[in-house]
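A look at the structure
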Amino acid sequence: MGLWQAVTWVRQNMLPKGHKFFDMFEAQTETAVSFGPLLAEIREATEINPACEQRADDIEDEGDKQTAVILDSLRESFIVPFDHDDINKLSRKIEAIMDLAEEAIRKMVWYELLPDERLKEMLEMVEKSLVLIHQAIPRLREKNGMRFDDFREEIRDLENNGDQLVQQVIADSYKVDVKDILKDYSNHQIIAEMIQKVMDFYMLARKRREIAEVLEETIDAGREVFTILDEIAAKNT
């Protein structure tokens, strides 16, 4: 038996099922999925609540602390449930999702921007991605037959749909139909007001694009979590 096979055997057969890293990853994803109610609230809001920024910041801060605990424990541990590098990558990627979700919420508050239908769809996709990750992480405890195949199609669909939506938002950000924007203005109104309306419309489109790009990156990061999980499963089954 080679060294790698011996280490894998020890991990699969001698580590207790309640190993601290499993507990820590589950706690980390519990924090990540707590973004869900906040994302849902923003989707249904009729006006932006400034308190959403602080709530998102509190969740993200807790996630940062949990990541630090995982990485500190990793540095202090020799026998771990799976490869050190995989533990590092997985914890940092889950942390990145929380960072991005917090950034999107913060931008919506700063810009006082209610999500349109496309952004609402993307917010819901982020929420679904977080739920899938939360459901998948406990499978790391399985000593044999660790698999994530049943999550693969749904997470891939979320990523593809997110890519399509962000491309539509980007395309719209370059479109400014001045005639449609100014259709309610009569000739006697001040030109400066008309120009300001055009600029406001343009800036709104740019803000939506900026937020959509952050949300798309969040969805992509969710897909990357499952890539890491598949790699862990391949090495430990």
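Below is a short write-up of the structure.

Analysis parameters
- Residues numbered from 1 in each chain as written.
- Predicted model: local features only at pLDDT ≥ 70, side-chain atom pairs only at ≥ 80, totals over all residues.
- Heavy atoms only, no water.
- Helix = DSSP H or I, 4+ residues; strand = E, 2+ residues; numbered from the N terminus.
- Expected span 1.5 Å × (residues − 1).
- Buried < 20%, exposed > 50% of the residue type's maximum accessible area, 1.4 Å probe, protein only.
- Axes fitted to C-alpha atoms, helices over the stretch in contact; angles between N-to-C directions.
- Parallel < 35°, antiparallel > 145°, perpendicular 65-115°, else oblique.
- Left-handed = near helix turned anticlockwise from the far one by under 90°.
- Contact = heavy atoms within 4.5 Å.
- Nonpolar A, V, L, I, M, F, W, Y, C, P; charged D, E, K, R; others polar.
- Phe/Tyr/Trp six-rings, centres within 6.5 Å; stacked < 30°, edge-to-face > 60°.

Here the focus is helix 7 (residues 149–172). In a regular helix each residue adds 1.5 Å, so 24 residues correspond to 34 Å; helix 7 covers 36 Å between its end C-alpha atoms and thus fits that length. Taken together, the buried positions of helix 7 are occupied by Phe151, Ile155, Leu158, Glu159, Gly162, Leu165, Val166, Val169 and Ile170.

The interhelical angle for the contact between helix 6 (residues 117–136) and helix 7, taken along N-to-C directions, is 155°, at an axis separation of 10 Å. As far as their axial angle goes, helix 7 and helix 6 are roughly antiparallel. As helix 6 runs across helix 7, the sense of the crossing is left-handed. On helix 7, the residues touching Arg118, Glu121, Met122, Met125, Lys128, Ser129, Leu132, Gln135 and Ala136 of helix 6 are Phe151, Glu154, Ile155, Leu158, Asn161, Gly162, Leu165, Val166, Gln168, Val169 and Asp172. Grouping the constituent residues of the contact of helix 6 with helix 7 by class yields 10 nonpolar, five polar and five charged.

This part takes up helix 6. Counted at 1.5 Å a residue, the expected span for helix 6 with its 20 residues is 28 Å, and the 29 Å between its end C-alpha atoms agrees. Those residues of helix 6 that fall on the buried side of the exposure criterion are Leu119, Met122, Leu123, Met125, Val126, Ser129, Leu130, Leu132, Ile133 and Ala136.

Glancing now at the packing of helix 4 (residues 51–76) against helix 5 (residues 84–111). One way to put it is that helix 4 packs onto helix 5 with a least axis distance of 9 Å and a crossing angle of 170°. When the axes of helix 4 and helix 5 are compared, the pair comes out roughly antiparallel. Considering the relative orientation of helix 4 and helix 5, their crossing is left-handed. Residues that form the contact of helix 4 with helix 5 fall into these classes: 11 nonpolar, five polar and nine charged.

On inspection of all chains with the given rule, the structure shows two aromatic pairs. For the ring pair phenylalanine 25 and phenylalanine 82, a centre distance of 6.2 Å and an interplane angle of 20° mean the geometry is stacked. Of the two residues, phenylalanine 25 is situated in helix 2 (residues 20–33) and phenylalanine 82 in the loop between helix 4 and helix 5; the sequence distance between them amounts to 57 residues. Phenylalanine 82 shares its class with phenylalanine 25; the two are buried. With 5.5 Å between their ring centres and 35° between their planes, phenylalanine 151 and phenylalanine 226 make a pair best called tilted. Taken as a pair, phenylalanine 151 in helix 7 and phenylalanine 226 in helix 9 (residues 191–235) lie far apart in primary sequence, 75 residues in all. Residue phenylalanine 151 shares its accessibility class with phenylalanine 226, and that shared class is buried.

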